[in-house]
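Fold and contact review
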Amino acid sequence: MYDVIIIGSGMGGLTCGALLSKEGFNVCVLEKNKQFGGCLQTFVRERVIFDSGVHYVGGLGKGQNLYQIFKYLGIMDKLKLEKLDEDAFDYIVFENDDNRYPLAQGYENFVQQLLKFFPEEEMAIRKYCDKMQEVCRKFPLYNLSFDENFEKGEVMQIGTKQFIESLTDNVRLQEVLAGNNVLYAGLPDKSPFYVHALVLNSYIEGSWKFVDGGSQIGKYLVQVIRENGGDIKRNCNVTEIVEMNGVADHVVLDNGEKLFAKNFISNIHPYNTLKMLKTELIRHAYRSRIGSLENTISCFIINIVCKKNCFKSFKHNIYFNKEGAVWDSWQYTEDEWPKNYGIFASSSSKNRDYVEGLTLFTYMRYDDVKKWEDTFNTVSKEDDRGAEYEAFKKRKAEKLIDEAEKKIPGLRDCIQSYYTSTPLTYRDYIGGDDGSLYGIVRDFKEPLKTFISPKTKLPNLFFTGQNISMHGILGVTISALASCSSLVNMHEVLERIRKS
């Protein structure tokens, strides 16, 4: 019998596994796929490494929150990192505007770079920065402290769009400050400012790319688990969580095998976890609430293999928005798509002067590909969706490349080949029923409805992952701490993390 069985080897599951194994727990991580890591996964096309989801990360500067946690887990010094441009980790660009608006690292530098374009808006920009830092200070685990009775209160009831618009009447500045809201799938009438603040603050404090891909995080977390005596099992699909005498007793795999533990942590979507859990202890009202929660939109991605020494290397990301579409890019017609996109350059140790791989990212609704949802080959674990689906992907890819070419002349000339991913790709390889980017939609008007505690009615079953607290590498890592807090003395663990 294990001390802890963890279902799913995404960032949340692996972080829980590494932390608990380091704290002396006998841990077993179960992964249904052949590859560990969830969104940490990378893949190779024509010898070029592409990330599934980790295009850049914040909080890795010395002494910052993610740095401290990774240092404690013993992986920080192993990671290959490249810092993005100090004066612009992101550029925000618009359809009918030749300016490239920079979001810079360091709060004072952030202010000064934007003042070059908005010299009359210093008060608004500084109020924005001050409020972000104020909000971030109100989340204990984000600041590596622990308060189990933490009351979030009014900080969760501020809307991102509403707050930004209260700062200034300058519409372009409003759009710039919200211009990379695809980082949290921003919705005009729902997205809370605390989500915006926790994400953007980490990038302003320090923005980094992983050289040769983010899968190195998963690789080293797996090593930590194994070095501390833990097990990690691939191709283990959990079909049922069995409750006995008021506690989770064991899990059943699709081959009928049963695995027993004292505690269980699920790194898959809470709704899918509850579907596997057969017990009367979870009330129907709770199941219905979780099942009714809206998931964030999915995406369409083009991973481009660049011609050799064709595209000069750059250390920033680009977010494009059509005019007036910063907050409604998810609402599109066939003709309007895409209303936005992001551009990310891969960072390779083989060639630091030229880009080997580019990623174009934009929104796509699951309904756009729903007609092919039952065409995945579960035996070969490969796409087998037919010529119509391939034609659909090619049409979408060519249209997105045409849009990007308008802002990056010569892009097409540098394309050697490209590969596409749709919401079905994310559904099948990352998990989730609809390929959701960031899990459950947060709503500042109903913060408690969209808040999911890591604890369940079963005292030894816990949730972790992007649906608990926050998404992203940093957000999920913080959520993993919350998920482990019922099993360890979190005050002592955080003390060791801070001293690391």
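The notes below deal with the structure included here. (Residues numbered from 1 in each chain as written. Predicted model: local features only at pLDDT ≥ 70, side-chain atom pairs only at ≥ 80, totals over all residues. Heavy atoms only, no water.)

1. Quick word on the state of the cysteines
Considering all chains together, one arrives at one disulfide under this definition. With its sulfur 2.1 Å from that of its partner, Cys310 forms a disulfide with Cys414. Linking Cys310 and Cys414, the disulfide has an S-S dihedral of approximately -75 degrees and is accordingly described as left-handed. Linking Cys310 in the loop between strand 15 (298-306) and strand 16 (317-321) with Cys414 in the loop between helix 11 (387-407) and strand 21 (415-421), this pair joins segments that are 104 residues apart in sequence. We classify Cys414 as buried; its relative accessible area is 7%. Lacking any disulfide linkage, Cys16 is separated from the closest cysteine sulfur, that of Cys484, by 3.7 Å. Residue classification places Cys16 among the buried residues on the basis of a relative accessible area of 0%. With no disulfide of its own, Cys129 lies closest to Cys136 among cysteine sulfurs, the gap being 11 Å. (Disulfide = S-S within 2.5 Å. Helix = DSSP H or I, 4+ residues; strand = E, 2+ residues; numbered from the N terminus. Buried < 20%, exposed > 50% of the residue type's maximum accessible area, 1.4 Å probe, protein only.)

2. Structural notes on the environment of Asn263
Looking at where Asn263 falls in the secondary structure, it is placed in strand 13 (residues 258-266). What makes Asn263 buried here is its relative accessible area of 14%. Expressed as a C-alpha distance, the spacing of Asn263 and Asp249, which sit 14 residues apart in the sequence, is 8.2 Å. Setting aside residues up to four positions removed in sequence, Asn263 forms contacts with Asp3, Val4, Ile5, Asn460, Phe462 and Leu487. (Contact = heavy atoms within 4.5 Å.)

3. So, the pairing of strand 17 (residues 340-345)
Counting buried residues along strand 17, six of its six residues qualify, which places the element largely inside the surrounding structure. With four bridges connecting them, strand 16 and strand 17 associate as antiparallel partners. Within strand 17, the position partnered with Phe320 by the bridge is Tyr341. In terms of strand pairing, strand 17 meets strand 18 (residues 357-364) through four bridges, oriented antiparallel. Note that in strand 18 the partner of Ala345 across the bridge is Leu358. (Pairing = 2+ DSSP bridges.)

4. Describing helix 1 (residues 11-22)
Taking 1.5 Å of rise per residue, the twelve residues of helix 1 would be expected to cover 16 Å, and the 16 Å separating its terminal C-alpha atoms lies within 8% of that figure. Across the twelve residues that make up helix 1, a large majority, eleven, are buried. By the burial criterion, the buried members of helix 1 are Met11, Gly12, Gly13, Leu14, Thr15, Cys16, Gly17, Ala18, Leu19, Leu20 and Ser21. Just past helix 1, the residue Gly24 takes up positive phi, approximately 100 degrees. (Expected span 1.5 Å × (residues − 1).)

5. Examining the packing of aromatic side chains
For the structure on display, the rule yields 17 aromatic pairs. Considering the side-chain rings of Phe94 and Tyr101, the 5.9 Å spacing of their centres and the 65 degrees angle between planes classify their relative orientation as edge-to-face. Accessibility assignment for this pair places Phe94 and Tyr101 in one class, buried. With 5.2 Å between their ring centres and 45 degrees between their planes, Trp372 and Phe392 make a pair best called tilted. Of this pair, Trp372 sits in the loop between strand 18 and strand 19 (376-377) while Phe392 sits in helix 11; the two residues are 20 residues apart in sequence, bridging distant segments of the chain. Here the two residues Trp372 and Phe392 agree in accessibility, since each one is buried. What links up through ring pairs into an aromatic cluster is the set Tyr56, Phe89, Tyr203, Tyr319, Phe344 and Phe361. If you follow Arg385 out to its NZ or CZ, it ends over the ring of Tyr389, 5.5 Å from the centre. In this structure, Lys445 packs its charged tip against the face of Phe444, placed 5.1 Å from the ring centre. (Phe/Tyr/Trp six-rings, centres within 6.5 Å; stacked < 30°, edge-to-face > 60°. Lys NZ or Arg CZ within 6 Å of the ring centre and 35° of its normal.)

6. Quick word on helix 4 (residues 122-137)
With 16 residues, helix 4 should reach 22 Å at 1.5 Å per residue; the first-to-last C-alpha distance of 23 Å fits that figure. Within the sequence span of helix 4, burial applies to Ala124, Ile125, Tyr128, Cys129, Met132, Val135 and Cys136. Mapping the buried residues of helix 4 onto a view down its axis gives an arc of 135 degrees, with all of them on the same face. Exposed positions of helix 4 whose direction lies more than 90 degrees from the buried face are Met123 and Arg137. Packing partners of the buried residues in helix 4 comprise helix 3 (107-115), helix 5 (160-167), helix 6 (171-177) and helix 7 (193-205). (Arc of directions from axis to C-beta.)

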